[in-house]
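# Commentary on secondary and tertiary structure
As a plain string of letters, each chain reads:
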Amino acid sequence: MTVSNFQEAFDAAAEAANYIAEQTGVPQHDVALVLGSGWGAAADLIGETTATLQATDVPGFSAPAVAGHVGTIRSVLTKEGKRALVLGARTHYYEGKGVRAVVHGVRTAAATGAKTLVLTNGCGGLNPAWTPGTPVLISDHINLTAASPLEGATFVDLTDLYSSRLRDLAREVDPSLDEGIYAQFTGPHYETPAEVQYAKHIGASLVGMSTALEAIAARHVGMEVFGISLVTNLAAGISDTPLSHQEVIEAGEAAGPRISALLAEIIGRL
Ligand code: 8IG
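Quick summary incoming for the structure in this document. (Residues numbered from 1 in each chain as written. Predicted model: local features only at pLDDT ≥ 70, side-chain atom pairs only at ≥ 80, totals over all residues. Heavy atoms only, no water.)

### A few points about the overall build of the chain
A count of helical and extended segments in the chain gives 7 helices and 9 strands. Rg of the C-alpha trace for the chain: 17 Å, near the compact-globule value of 18 Å for 270 residues, within the 12% margin. Its C-alpha atoms give the chain principal-axis dimensions of about 50 × 45 × 35 Å. Counting every position in the chain, which comprises 270 residues, the buried fraction comes to 52%. Sequence-distant contacts in the chain: of pairs separated by 6 or more residues, those separated by 24 or more amount to 82%. Taken together, the 16 basic and 28 acidic charged side chains of the chain have centroids lying 5 Å from each other. (Helix = DSSP H or I, 4+ residues; strand = E, 2+ residues; numbered from the N terminus. Rg over C-alpha atoms; globule rule 2.2 N^0.38 Å. Buried < 20%, exposed > 50% of the residue type's maximum accessible area, 1.4 Å probe, protein only. Contact = heavy atoms within 4.5 Å. Lys, Arg positive; Asp, Glu negative; His and termini not counted. Charge placed at Lys NZ, Arg CZ, Asp CG, Glu CD.)

### What about the packing of helix α4 (residues 164–173) against helix α7 (residues 245–269)?
Their axes nearest at 9 Å, the elements α4 and α7 cross at an angle of 125°. In terms of axis orientation, α4 runs oblique to α7. Crossing handedness for the pair α4 and α7: right-handed. For the pair formed by α4 and α7, the contact residues are L169, A170, E172 and V173 on the first element and L262, E265, I266 and R269 on the second. Residues of the contact of α4 with α7, tallied by class, amount to 5 nonpolar, no polar and 3 charged. (Axes fitted to C-alpha atoms, helices over the stretch in contact; angles between N-to-C directions. Parallel < 35°, antiparallel > 145°, perpendicular 65-115°, else oblique. Left-handed = near helix turned anticlockwise from the far one by under 90°. Nonpolar A, V, L, I, M, F, W, Y, C, P; charged D, E, K, R; others polar.)

### A closer look at unusual backbone geometry
Omega for the bond connecting G187 with P188 falls within 30 degrees of zero, at 0°, which places this linkage in the cis form. Tracing the backbone shows P188 in the loop between β7 (178–184) and α5 (193–201). Of note, A146 is a non-glycine position whose phi angle comes to about 60°, a positive value. Its location among the elements puts A146 in the loop between β6 (134–143) and α4. Assessed through its relative accessible area of 83%, A146 is described here as exposed. Not every positive phi belongs to a glycine, and D160 is a case in point at roughly 55°. Along the chain, D160 falls in the loop between β6 and α4. Classification of D160 as partly exposed rests on a relative accessible area of 40%.

### Topic: the nonpolar core
Ranked by size, the top nonpolar core spans 37 residues in total, and within it I73, L117, L206 and M223 carry the most contacts. Those elements that provide at least two residues to this core are α1 (3–24), β1 (31–34), β4 (83–87), α3 (99–111), β5 (116–125), β6, α6 (212–220) and β9 (224–234). The element that contributes the greatest number of residues to this core is α3, accounting for 6 residues. Dropping the residues within four chain positions of it, I73 is found in contact with I20, A51, T52, L53, A55, V58, F61, L85, V86 and L87. (Core = buried A, V, L, I, M, F, W, Y, C linked by side-chain atoms within 4.5 Å.)

### Quick look at the pairing of strand β3 (residues 72–78)
Two faces, one strand: in a regular strand the side chains alternate between the faces of the sheet. Most of β3 is tucked away, with 6 of its 7 residues classed as buried. One ladder, built from 7 bridges, connects strand β2 (residues 47–54) with β3; its direction is antiparallel. Within β3, the position partnered with T52 by the bridge is R74. Looking at chain direction, β3 and β4 are connected through 5 bridges and run antiparallel. Within the sheet, the bridge partner assigned to S75 lies in β4 and is L85. Linking two consecutive strands that pair antiparallel, namely β3 and β4, is a turn of 4 residues; a positive phi of about 90° is found at G81 within it. (Pairing = 2+ DSSP bridges.)

### Comments concerning the site of the ligand
In the vicinity of the ligand, the contacting residues are G122, C123, G124, Y190, E191, V207, G208, M209, T232, N233, L243 and V248. Between the ligand and the protein, one listed contact pairs a nitrogen atom with a side-chain N or O atom of N233 at 2.7 Å. Notes on the ligand: free accessible area 320 Å², of which the protein chains cover 96%. Looking at the shell around the ligand, the elements that each hand over two or more residues are β5, β8 (206–208) and β9. Partitioning the shell around the ligand into residue classes produces 6 nonpolar, 5 polar and 1 charged. (Near = heavy atom within 4 Å. Polar contact = N/O pair within 3.5 Å; in protein donor to acceptor, adjacent residues only side chain to side chain. Areas by Shrake-Rupley, 256 points an atom, 1.4 Å probe, with all protein chains shown as cover.)

As far as function goes, none of this settles anything; it's purely spatial.
Put into structure tokens, the structure is as follows:
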């Protein structure tokens, strides 16, 4: 892979951004959000949806592979007059479409003008105090995918990747918010209990299948990143009950109103 081919990924994002500007009538967005498992309801509280696009109609996007994920891209006008691009669809690494597909939404968001990126996800928690439905700020990540969204000699500093400024701002909204280190596994299987212990030993407290690759791509294009996880289940072996996707969805639904309001308040203060 040569560095010049890497440019194709950004050309594709620019094309998608042009389509979004045309179809939404919004030439520039200020902030973008990626809504993961459990976060789908948040868009409605952030503001007024002024346009809804089917993700599959936007160049380079594909249909979501996961039940509980929404395949739309919305333009939302906040009370404060900010334009938010809400990506309800995310391509996961485990879909096998490659890292470019995984971060296409992030690069598109940047190409629409968004300077801030809010990454949300549903994940497993290693801290037994985090009962299902607990939102946790992401303070850092460990990328266990053995992949990078960057190509060629693209050296990017990842210090303070998950903006401490934005985490402070979130804690102004809700001082009870804990923070954790997110380990991105490839999935689609959940971890074994031994892998969860491994994640714990290397410093992780959240385990999931997204976010880290997207955060790296966002930093590369200069966005300020805010990450927040919804712990929908205790990671395998932390409690003695097995994991089910149904439980994950139910925990998300139960926590929906609280985390949506939280996210809306944070967006209002950006
Ligand atoms: I929701 O326990 C959700 N996503 N890797 N592990 C991983 N991903 C997840 C989990 C989990 N829960």
